[in-house]
Amino acid sequence: MTETMKFPLPVDSEHKSTALPIISVAKPHMLAFHLSWLQFFTCFVSSFAAPPLLPVIRDNLGLTATQIGNAGIASVSGAVFARVAMGTACDLFGPRLASASLTLLTAPAVFCTALVDSPTSFLLVRFFTGFSLATFVSTQYWMSSMFSSPVVGRANGVAAGWGNLGGGAVQLIMPLVYDLIRRIGATGFTAWRIAFFIPGMMQTLAAFAVMTLGQDLPDGNFRELEKEGDKHKDEFSKVLYHGVTNYRGWITALCYGYCFGVELTIDNIIAQYFYDRFDLNLHTAGLIAASFGLANFFSRPGGGMLSDLMGKRFGMRGRLWSWWTVQTLGGVFCILLGVMSSLGPSIVVMIVFSIFVQASCGLCFGIVPFISRRSLGVISGMTGAGGNVGAVLTQLIFFKGSRYTTHLGITYMGIMIVCCTLAIVLIYFPMWGGMFCGPRPHYSEEEYYLAEWDDDEKKNGHHENSVKFAQNSRGERRKRVRAVPTPTEASPDHI
């Protein structure tokens, strides 16, 4: 029996799955897939449980527009550093332990939301709950560790997209739970507090499921493999160095700040925007806002699928071009959303905008796994943190206080998307090329990925997984259509 026969799915030389059967729960690949997105889903629900109920919370706590804006910024700013730390933790300890620990540590903040009694305490619980959004990094790391290059964009896109569904689902869940508690007999100012026990419990259960059922890598957990000598325990300083010195990671962080960062911003403002601008009731505004997040069911996975399709047809250059095109169009639709003044067209444009901006997130993480093999977690963390930095900056500039009206802020945000996305042009892989430049002659994948290891590490065989990854990544070379030679001895048909 060969090594690959012990897995129920087809695998490559690293034992990463080369298929993504969504309805399967086969161990370890598909079980990790479903655990990762479910955990991220619950963290998204917890982090954005407050916005759908803001009109009630606002009245109960006497919040001003500036205080609401500060709380929204706090909810995404904490995860900036948490995401960088999560990437490093995944590289050193594995995604299972890193993500489950963070999810459990942030769950008390969700429960404590029921006890807030001032604008300051409301800001603090949103800040600490937002740390849980760093589980996005572990989700992408886990998928990149379980799935091979032909399907990694799809795996990353579907797992993150379905996790992001929490941002849309919570717009439905919290108003429904609130109404149910009201009907039981609670007052409005009590009902919203009790409602927060639902996301808190969901998050706690998801963490225990990941801890007990998950597996870090196809061959086992980090700690077990390190004890058996099957996995080299890497050095923190070297992992961090090779991550932060790779300029491509900084560009993906910038551009991700204006796709996922925009999505986080919209999650914080969209329900209140429709509630105030079009004089809707809380439930109707929540339904409209939910449609933005619920588009993640197919839009972000669609971005990952498009990335894999373009990679298969045109190589890495196809992945880069498709990311730039889709994200730029997302910026255009964001601008249009800001200038719409009637309800119907605003809803239509918002949905189209959501599809493009969320697909851009999937396209981004169709490229991230190829930037570094050794420092995959750091690069994923940097990129993920860039999303939160983008959200913080956007909300600080355009949606804090009364400097800009909300619809004008949305328009300016769209312009920022278009401008920042231009940075994708600067991403260049010497073995594959960039958007406008071809690859360096005779430069191989092995040269690129083995540059992260010194001679002593190579002598000890620590680089072997990077060699396998380089070999499995050769599909990112640009495909060329060869002309069929004309037979020299054949006679023309008309003779």
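Residues numbered from 1 in each chain as written. Predicted model: local features only at pLDDT ≥ 70, side-chain atom pairs only at ≥ 80, totals over all residues. Heavy atoms only, no water.

A.B. asks: Let's hear about the environment of Asp 267: which residues, and what values?
C.D. replies: Assignment of secondary structure puts Asp 267 in helix H13 (residues 260–277). A relative accessible area of 2% places Asp 267 in the buried class. For the pair Asp 267 and Gly 72, spaced 195 residues apart in sequence, the C-alpha separation works out to 9.4 Å. Apart from residues lying up to four places away in sequence, Asp 267 is in contact with Phe 44, Phe 48, Pro 51, Gly 167, Gln 171 and Phe 292. (Helix = DSSP H or I, 4+ residues; strand = E, 2+ residues; numbered from the N terminus. Buried < 20%, exposed > 50% of the residue type's maximum accessible area, 1.4 Å probe, protein only. Contact = heavy atoms within 4.5 Å.)

A.B. asks: Residues and numbers for the side chain of Thr 204, please.
C.D. replies: Within the element layout of this structure, Thr 204 appears in helix H9 (residues 197–213). When its relative accessible area of 15% is taken as the criterion, Thr 204 is described as buried.

A.B. asks: An account of the nonpolar core is requested, with residue identities and associated values reported.
C.D. replies: Soluble globular proteins tend to pack their nonpolar side chains together in the buried interior. The biggest cluster of nonpolar side chains holds 131 residues, and the ones touching the most others in it are Phe 33, Ile 57, Phe 147, Phe 353 and Phe 429. When residues of this core are assigned to their parent elements, the largest contribution, 14 residues, is made by helix H7 (residues 149–184). Once you skip the residues sitting within four places of it in the chain, Phe 33 turns out to touch Leu 20, Ile 22, Met 143, Phe 147, Ala 155, Val 158, Ala 159 and Trp 162. (Core = buried A, V, L, I, M, F, W, Y, C linked by side-chain atoms within 4.5 Å.)

A.B. asks: Break down the pattern of salt bridges for me, with residues and values.
C.D. replies: Within the structure shown, the criterion is met by twelve salt bridges. Where Arg 373 meets Glu 14, a salt bridge forms, and the shortest distance between an N and an O atom there is 3.2 Å. Of the two residues, Arg 373 is situated in the loop between helix H17 (343–364) and helix H18 (376–398) and Glu 14 in the segment before helix H1 (29–47); the sequence distance between them amounts to 359 residues. You can call Glu 14 buried: its relative accessible area is 11%. A salt bridge links Asp 454 to Lys 238; the nearest nitrogen and oxygen atoms lie 3.2 Å apart. Of the two residues, Asp 454 sits in the loop between helix H20 (445–450) and helix H21 (455–459) while Lys 238 sits in helix H11 (residues 236–244), which places them 216 residues apart along the sequence. The class of Asp 454 is partly exposed, set by a relative accessible area of 31%. Accessibility expressed as a relative area gives 25% for Lys 238, which makes it partly exposed. Each member of the salt-bridge network shares a partner with another, and the members are Glu 235, Lys 238, Arg 374, Asp 454 and Glu 457. (Salt bridge = Lys/Arg side-chain N within 4 Å of Asp/Glu carboxyl O.)

A.B. asks: Lay out a nonpolar patch on the surface in plain terms, naming residues and giving numbers.
C.D. replies: Judged by side-chain polarity, Val 389, Leu 393, Leu 396 and Ile 397 come together as a nonpolar surface patch covering roughly 290 Å² of accessible area. In this fold, Leu 396 is placed in helix H18. The partly exposed category is assigned to Leu 396, whose relative accessible area is 40%. (Patch = residues over 30% accessible without salt bridge, like charges linked within 9 Å, V, L, I, M, F, W, Y side chains within 5 Å. Areas by Shrake-Rupley, 256 points an atom, 1.4 Å probe, with all protein chains shown as cover.)

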